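Descriptive structure summary
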Amino acid sequence: MFLGPSKDEQERASAKKKAEETIMVMEEQGLGDKKFFGGNNIGMVDIAHGCLSHWLEGLEEIVGMKLIEPNKFPRLHAWTQNFKQVPVIKENLPDYEKLLIHLEWRRQGYVT
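Reading the values: the criteria
Residues numbered from 1 in each chain as written. Predicted model: local features only at pLDDT ≥ 70, side-chain atom pairs only at ≥ 80, totals over all residues. Heavy atoms only, no water. Core = buried A, V, L, I, M, F, W, Y, C linked by side-chain atoms within 4.5 Å. Buried < 20%, exposed > 50% of the residue type's maximum accessible area, 1.4 Å probe, protein only. Helix = DSSP H or I, 4+ residues; strand = E, 2+ residues; numbered from the N terminus. Contact = heavy atoms within 4.5 Å. Patch = residues over 30% accessible without salt bridge, like charges linked within 9 Å, V, L, I, M, F, W, Y side chains within 5 Å. Areas by Shrake-Rupley, 256 points an atom, 1.4 Å probe, with all protein chains shown as cover. Salt bridge = Lys/Arg side-chain N within 4 Å of Asp/Glu carboxyl O. Phe/Tyr/Trp six-rings, centres within 6.5 Å; stacked < 30°, edge-to-face > 60°. Polar contact = N/O pair within 3.5 Å; in protein donor to acceptor, adjacent residues only side chain to side chain.

1. Considerations on the nonpolar core
- Counting 23 residues, the largest nonpolar core has I68, L76 and W79 as the members making the most contacts within it.
- When contributions to this core are tallied by element, the ones reaching two or more residues are α1 (9-31), α3 (51-63), α4 (74-85) and α6 (96-111).
- Considering each element in turn, this core owes the most residues, 5 residues, to α3.
- Excluding anything up to four places from it in sequence, W79 contacts L31, K35, F36, F37, D46, H49, G50, L52 and S53.

2. Comments concerning a nonpolar patch on the surface
- Nonpolar side chains collect at one region of the surface, where I42, M44 and I47 lie side by side and expose about 300 Å² of accessible area between them.
- Tracing the sequence through the fold places I47 in helix α2 (residues 44-48).
- Look at I47 and you get partly exposed, because its relative accessible area is 46%.

3. What to know about the packing of aromatic side chains
- The final tally for this structure, using the stated rule, is 2 aromatic pairs.
- Summarising the aromatic geometry, the rings of F37 and W79 are spaced 5.3 Å apart at their centres and angled 65° between planes, so their arrangement reads as edge-to-face. In this pair, F37 sits in the loop between α1 and α2 while W79 sits in helix α4, placing the two residues 42 residues apart along the sequence.
- Assessed through its relative accessible area of 0%, W79 is described here as buried.
- Ring geometry for W79 versus F83: centroids 5.1 Å apart, planes at 25°, classification stacked. With W79 and F83 both in helix α4 and 4 residues apart, this pair spans about one turn of that helix.
- On the basis of relative accessible area, F83 is assigned to the buried category, the value being 4%.

4. Focus on the side chain of E60
- Structurally, the position occupied by E60 is in helix α3.
- At a separation of 2.9 Å, a polar atom in the side chain of E60 contacts the main-chain amide nitrogen of I68.
- When near neighbours in sequence (up to four residues on either side) are disregarded, E60 contacts M65, K66, L67 and I68.

As structure tokens, then:
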């Protein structure tokens, strides 16, 4: 789902559309009216998709393209916020500024 450093707008639009199709499946079929994928408590599916809550946010910032917009994916957006507030998750998330530096470094590796 990494959008990469593509400079071609058509490629970016195509990659975004494909990513949004995948995200829509999670939005519609994975969450429903639940706080977490498994219900009211965090479970293995939440852990497996946890990168969406922090890493994807950083990638969105680095590439300048928002994927999980609150108006388009309200349940998944709410899930990302809920997930990051679970104490054990919150205490172990990487520092956001350091994460951005790392992601930008990785992105530069793909560009050159």
